[in-house]
Amino acid sequence: LRVRGTRLKWSEDKASGILLVIYDMTQLRKLENFRRDFVANVSHEIKTPLTVIRGAVETLRDGAIHEPESAERFMQIIEMHSERLNALVQDILSLSQLECRAVGDGYNMVPVNVSTPISTAVELAQARADAAGLKLVVETSADPEVLIDVQLVEQAILNLIDNAIKHSGEKSEVRITAREESGEAVIEVADHGCGIPAEHLPRVFERFYRVDKARSRKAGGTGLGLAIVKHVMQLHHGSAEVHSTVGQGSTFTLRLPVCRPKA
Ligand code: ADP
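Residues numbered from 1 in each chain as written. Predicted model: local features only at pLDDT ≥ 70, side-chain atom pairs only at ≥ 80, totals over all residues. Heavy atoms only, no water.

**Student:** Got a sec to walk through the pattern of salt bridges? Specific residues and values, please.
**Tutor:** Counted according to the given criterion, the structure contains 11 salt bridges. Measuring nitrogen to oxygen at the nearest pair gives 3.2 Å for the salt bridge that ties Glu 181 to Arg 255. Here Arg 255 lies in strand 9 (residues 249-257) and Glu 181 lies in strand 6 (residues 173-181), a separation of 74 residues in the sequence. With a shortest N-O distance of 3.9 Å, Arg 255 and Glu 184 are connected by a salt bridge. Of this pair, Arg 255 sits in strand 9 while Glu 184 sits in strand 7 (residues 184-190), placing them 71 residues apart in sequence. Linked through salt bridges whose partners overlap, the residues forming this network are Arg 179, Glu 181, Glu 184, Glu 188 and Arg 255. (Salt bridge = Lys/Arg side-chain N within 4 Å of Asp/Glu carboxyl O. Helix = DSSP H or I, 4+ residues; strand = E, 2+ residues; numbered from the N terminus.)

**Student:** Could you give an account of the sheet that holds strand 8 (residues 239-245), naming the residues involved and the relevant values?
**Tutor:** Reading across the sheet, the 5 strands line up as 4-6-7-9-8 and stay open at both edges, with mixed pairing between neighbours. Both outer strands of the open sheet, strand 4 (135-140) and strand 8, are each paired with one neighbouring strand and no more. Taken pair by pair, the neighbouring strands of this sheet meet at an average axis angle of 15 degrees, ignoring direction. The strands that helix 3 (residues 115-131) touches are strand 4, strand 6 and strand 7; relative to strand 4, the one it contacts most, it runs at about 170 degrees. Relative to the sheet, helix 6 (residues 225-235) contacts strand 8 and strand 9, its axis offset from that of strand 9 by approximately 25 degrees. (Pairing = 2+ DSSP bridges. Axes fitted to C-alpha atoms, helices over the stretch in contact; angles between N-to-C directions. Contact = heavy atoms within 4.5 Å.)

**Student:** Explain the site of the ligand residue by residue, including any values.
**Tutor:** The environment of the ligand is made up of 22 residues, and the closest members are Asn 163, Asp 191, Ser 216, Gly 223 and Leu 226. Within the backbone of Thr 222, an N or O atom sits 2.9 Å from an oxygen atom of the ligand. At a separation of 2.8 Å, an oxygen atom of the ligand approaches a polar backbone atom of Leu 226. Taken by itself the ligand offers 530 Å² of open surface, and the protein chains cover 97% of this. (Near = heavy atom within 4 Å. Polar contact = N/O pair within 3.5 Å; in protein donor to acceptor, adjacent residues only side chain to side chain. Areas by Shrake-Rupley, 256 points an atom, 1.4 Å probe, with all protein chains shown as cover.)

**Student:** Give me the lowdown on the nonpolar core, citing residues and values where you can.
**Tutor:** With 52 residues, the main nonpolar core has Leu 136, Ile 157, Ile 161, Ile 176 and Val 232 as its most contacted residues. Secondary structure elements with two or more residues in this core: helix 2 (68-100), helix 3, strand 5 (145-149), helix 4 (150-166), strand 6, strand 7, helix 6 and strand 9. The element best represented in this core is helix 4, accounting for 10 residues. If sequence neighbours within four positions are ignored, Ile 161 has contacts with Ala 121, Val 122, Ala 125, Leu 136, Ile 176 and Val 189. (Core = buried A, V, L, I, M, F, W, Y, C linked by side-chain atoms within 4.5 Å. Buried < 20%, exposed > 50% of the residue type's maximum accessible area, 1.4 Å probe, protein only.)

**Student:** Help me get a handle on helix 4, residues and values and all.
**Tutor:** Taking 1.5 Å of rise per residue, the 17 residues of helix 4 would be expected to cover 24 Å, and the 24 Å separating its terminal C-alpha atoms lies within 8% of that figure. Among the 17 residues that make up helix 4, 14 are buried, leaving the element largely enclosed by the rest of the structure. (Expected span 1.5 Å × (residues − 1).)

**Student:** Break down the packing of aromatic side chains for me, with residues and values.
**Tutor:** As enumerated under the stated definition, the model contains 2 aromatic pairs in all. Aromatic pair Phe 205 and Phe 252: ring centres 6.1 Å apart, planes at 75 degrees, arrangement edge-to-face. Placement of Phe 205 in the loop between strand 7 and helix 5 (213-218) and of Phe 252 in strand 9 is noted, with a sequence separation of 47 residues between them. When sorted by exposure, Phe 205 lands in the same class as Phe 252, which is buried. The ring of Phe 38 carries the charged tip of Arg 207 above its face, separated from the ring centre by 4.5 Å. (Phe/Tyr/Trp six-rings, centres within 6.5 Å; stacked < 30°, edge-to-face > 60°. Lys NZ or Arg CZ within 6 Å of the ring centre and 35° of its normal.)

**Student:** Can you tell me about the confidence of the model for the protein, naming the residues and giving the values?
**Tutor:** In the predicted model, the protein carries a mean pLDDT of 90, and 95% of its residues have values of at least 70. Predicted complex metrics record ipTM = 0.98 and pTM = 0.84. (pLDDT = per-residue confidence, 0-100.)

**Student:** Account for a nonpolar patch on the surface, naming residues and giving values.
**Tutor:** Taken together, the side chains of Leu 1, Val 3, Ile 18, Leu 20 and Ile 22 define a hydrophobic patch exposed on the protein surface, amounting to about 570 Å² of accessible area. Considering every element that reaches the nonpolar patch, the biggest residue donor is strand 2 (residues 16-23), with 3 residues. Tracing the sequence through the fold places Ile 18 in strand 2. According to the relative accessible area criterion, Ile 18 is exposed, its value standing at 58%. (Patch = residues over 30% accessible without salt bridge, like charges linked within 9 Å, V, L, I, M, F, W, Y side chains within 5 Å.)

Take a look at the structure:
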């Protein structure tokens, strides 16, 4: 708390007093800490690939460039880490856009059936699923209409499918389902992957929170995918949650208000 006091005097003979203004700094302090942590995290996330890229360039300069095999390996390293930086910048931009704009401001809200963003997200993820030897199974028991920014919801579903692919073993199945429940369209992305230990579950939607840092980075993760999912759902007055059992798999559930709920 911050307190400011001013002495009040109406006239020579009338009562005087003190005006105390009490400011609640909790929110402001929280926001400041949040901003500071975010900048520190972003700097760290940028520095890591930059260090690798500089190291690779130095090694090439020191002679590796004249050995075709080594040269190719270091070029690949430079390419991979540049892509990582690119993904990071894109995710940071998406997140800041989501935070800065209010509902309806600059968003293209249109009524569509919930299967529309699901189909596009599945199409976009299909090549990665094939490469990982995984099957994507889509089941829509109902196809309610929702008022959404289609691109944003597509991105949220795609982030979940990509995560499911990254954390599943080969020949596994990722199931994407849609149903209607209590006036909400419910989208689920379920995998039979490694699962998430219970103590990490409450934090996975936080920016840059990773259960296994090395694994996430190796898979090209920015650590922002689920934070984006959460923000997209908040913007739509919806929600995002996760249930998971280690060794059995994870289910991420998105809920969006239905335009015209069934009577
Ligand atoms: P990342 O870019 O690291 O994937 P996310 O925000 O998308 O970042 O996810 C945060 C963390 O949550 C991941 O690093 C991973 O540890 C965990 N996670 C997300 N989805 C899954 C999943 N389907 N199975 C297991 N762990 C997951």
